[in-house]
Amino acid sequence: MSLRDEAAELDALDPLAGKRAEFDLDPDVSYLDGNSLGAPPRGVAPRLAEVVGEQWAGRLIRSWDEGWWDAPERIGDRIAPLIGAGPGQVVVGDSTTVNLFKAVVAAARLNPGRPEILVDAGTFPTDGYIAESAARMTGHSVRRVPVGTLASEVGPRTAVVLVNHVDYVTGELHDLPGITAAVHAAGAVVVWDLCHSVGAVPVPLDAAGVDLAVGCTYKFLNGGPGAPAFLYVARKWLDDFDQPLTGWAGHADPFGMTPDYAGRAGISRGRTGTPDILSMLALDAALDVWRDVTIDQVRAKGLALGDFFLRCLDTLVPGARVVTPRSHARGNQVSVAWPDAKGAMGKLIARGVIGDFRPPEVLRFGLAGLYVRYADVLRAAEELSGLR
């Protein structure tokens, strides 16, 4: 059977094949960049029209009491099952960067007397920047170590460990339960960045005993450009969670206008300022695509897409250096080393295959199981072969 025939058969047998119709995608485009910006679900535009036309225009300020004010917690509870969290531990709002700052500072305050913050050496740059800023604020030092050595590097001086679940360049999936256990064994608190795993792979936050986590919603959750991020705080820490951005929305009596700050009970104390309602409710609509699908189904599809893509690359682009693990210790992403990655990706995009690159020489292909077809990854390999 040819690769083309195999792709057609796999697409015909795919139990998630019908989900693609729920997204507004050009049928002639192979979109493999959902790990940077997810495709728009068709239900988002009409929902936003309703929010603007009926809620904002029709109900005006009354809408704050008719669902807007509680949206951060309500939508957080919708995300919770996708990250293995029980209700009341996830709040939506602000950016990933802002939530990282809240989480790292709060984690340091939860674990006083230890002067060090460990950071995944291959982390997304923002995580490193935020760790350094949080360290200046709390009087800690930052030490960057490879994820593979975290278990041996964490020690009695370590207050907090900040680590990515999936490496944003290579797509490697890190051992969240194992690293969490090692961090706890050393008496430290762990903060996980889930930006490249939420909506792509199962994330067992509660089961693994994770302390705090953050993640974005515009990648595999398809919340739209600039969609608000989320913050997870384990139930055991909710009463002691002392975040540094004590804005009015996290106040126990936000409309009391008192001069002194008192945090709200539970996950609501993770809130800071006025929620971005238009983006928030666009995300709410985007999450509807998960009503009849599980993260395990999406993960199975992502792995199968990756396995097929690797075979296509081996056949059509022999010798191409894949930097993503060939084992299933990967997220729903395949990265390929390629000279002049920026120029090469520009040529692929011109031919209808949209991925992205990371300098200087990595092409990244996101495998969003809800809408990527086996024919799409075959096409990517074919077009990549034509660039040689």
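Higher on the page you've got the structure.
Residues numbered from 1 in each chain as written. Predicted model: local features only at pLDDT ≥ 70, side-chain atom pairs only at ≥ 80, totals over all residues. Heavy atoms only, no water.

1. Details of the overall build of the protein chain
What counts here: Only runs of H or I of at least four residues qualify as helices and only runs of E of at least two qualify as strands under DSSP, and these elements are numbered from the N terminus. Atoms considered for the radius of gyration are the C-alpha atoms alone. The globule rule reads 2.2 Å times the number of residues to the power 0.38. A 1.4 Å probe rolled over the protein chains alone gives each residue an accessible area, and that area as a share of the maximum for its type sets the label: buried under 20%, exposed over 50%, partly exposed in between. In these tables, accessible area is a Shrake-Rupley quantity obtained with a 1.4 Å probe, and a residue counts as shielded only by the protein chains included in the view.
Along its length, the protein chain carries 12 helices and 13 strands. In summary, the protein chain has a C-alpha radius of gyration of 21 Å against a globular reference of 21 Å for 388 residues, a match within 12%. Out of the 388 residues belonging to the protein chain, those deemed buried represent 56%. As displayed, the protein chain has an accessible area near 15400 Å², and 57% of this comes from carbon and sulfur atoms.

2. So, a nonpolar patch on the surface
Our working rule: Like charges are joined within 9 Å and nonpolar side chains (Val, Leu, Ile, Met, Phe, Trp, Tyr) within 5 Å, but only among residues with over 30% relative accessible area and no salt bridge; these make up the patches. Each reported salt bridge corresponds to a side-chain nitrogen of Lys or Arg within 4 Å of a carboxyl oxygen of Asp or Glu.
Taken together, the side chains of Val52, Trp56, Leu60, Ile61 and Leu278 present a nonpolar region at the surface, about 510 Å² in accessible area. For tryptophan 56, the position within the fold is in helix H2 (residues 44-59).

3. Here's the deal with the sheet that holds strand E9 (residues 321-322)
Strands pair in a sheet through their backbones, by hydrogen bonds, and they do so in one of two ways: parallel or antiparallel. This is how it is decided: Any two strands with at least two DSSP-identified bridges between them are counted as paired. The contact criterion used throughout is that any non-hydrogen atoms of two residues lie within 4.5 Å. The convention used is that axes are lines fitted to C-alpha atoms, helices contributing only their stretch in contact, and that angles between N-to-C directions extend from 0 to 180 degrees.
Read from one edge of the open sheet, 4 strands run E9-E10-E13-E12, paired in antiparallel fashion. This sheet does not close on itself; its edge strands, each paired only once, are E9 and strand E12 (356-358). Set on the sheet, helix H10 (residues 295-316) makes contact with E9, strand E10 (333-337) and strand E13 (362-366); between it and E10 the angle comes to about 25 degrees. Across the sheet, helix H11 (residues 341-350) is in contact with E12 and E13; its angle to E13 comes to roughly 40 degrees.

4. Concerning the sheet that holds strand E2 (residues 90-92)
Taken together, the 7 strands give an open sheet; going across it, the order is E2-E8-E7-E6-E5-E3-E4, and neighbouring strands pair in mixed fashion. Since the sheet does not close on itself, it has two edges, and those belong to E2 and strand E4 (141-145), each with one partner. Within this sheet the neighbouring strands show an average axis-to-axis angle of 20 degrees, counted without direction. Where strand E5 (residues 158-164) and strand E6 (residues 189-193) come together, 5 bridges link them in parallel fashion. Each bridged residue has a counterpart across the sheet, and for leucine 162 the counterpart in E6 is valine 191. Contacting strand E3 (116-120), E4, E5 and E6, helix H5 (residues 125-138) crosses the sheet at an angle of about 155 degrees to E4. Sheet contacts for helix H7 (residues 176-185): E5 and E6; angle to E6, the most-contacted strand, approximately 155 degrees.

5. What to know about the pattern of salt bridges
Close approach of charged atoms allows side chains with opposite charge to pair. Taken as a whole and assessed by the stated rule, the structure comprises 28 salt bridges. Ionic pairing is found between lysine 236 and aspartate 211, a salt bridge with its closest N-O pair at 3.6 Å. Taken as a pair, lysine 236 in the loop between strand E8 (230-233) and helix H9 (277-286) and aspartate 211 in the loop between helix H8 (205-208) and strand E7 (212-215) lie far apart in primary sequence, 25 residues in all.

6. Describing H5
Filter applied, for reference: What a helix is expected to span follows from its residue count: subtract one and scale by 1.5 Å.
In this model, H5 (14 residues) spans 20 Å end to end at C-alpha, consistent with the 20 Å of a helix rising 1.5 Å per residue. When we look at burial in H5, the residues that qualify are Thr126, Asp127, Gly128, Ile130, Ala131, Ala134 and Ala135. On its buried side, H5 packs onto helix H4 (96-110), E3, E4, E5 and E6.

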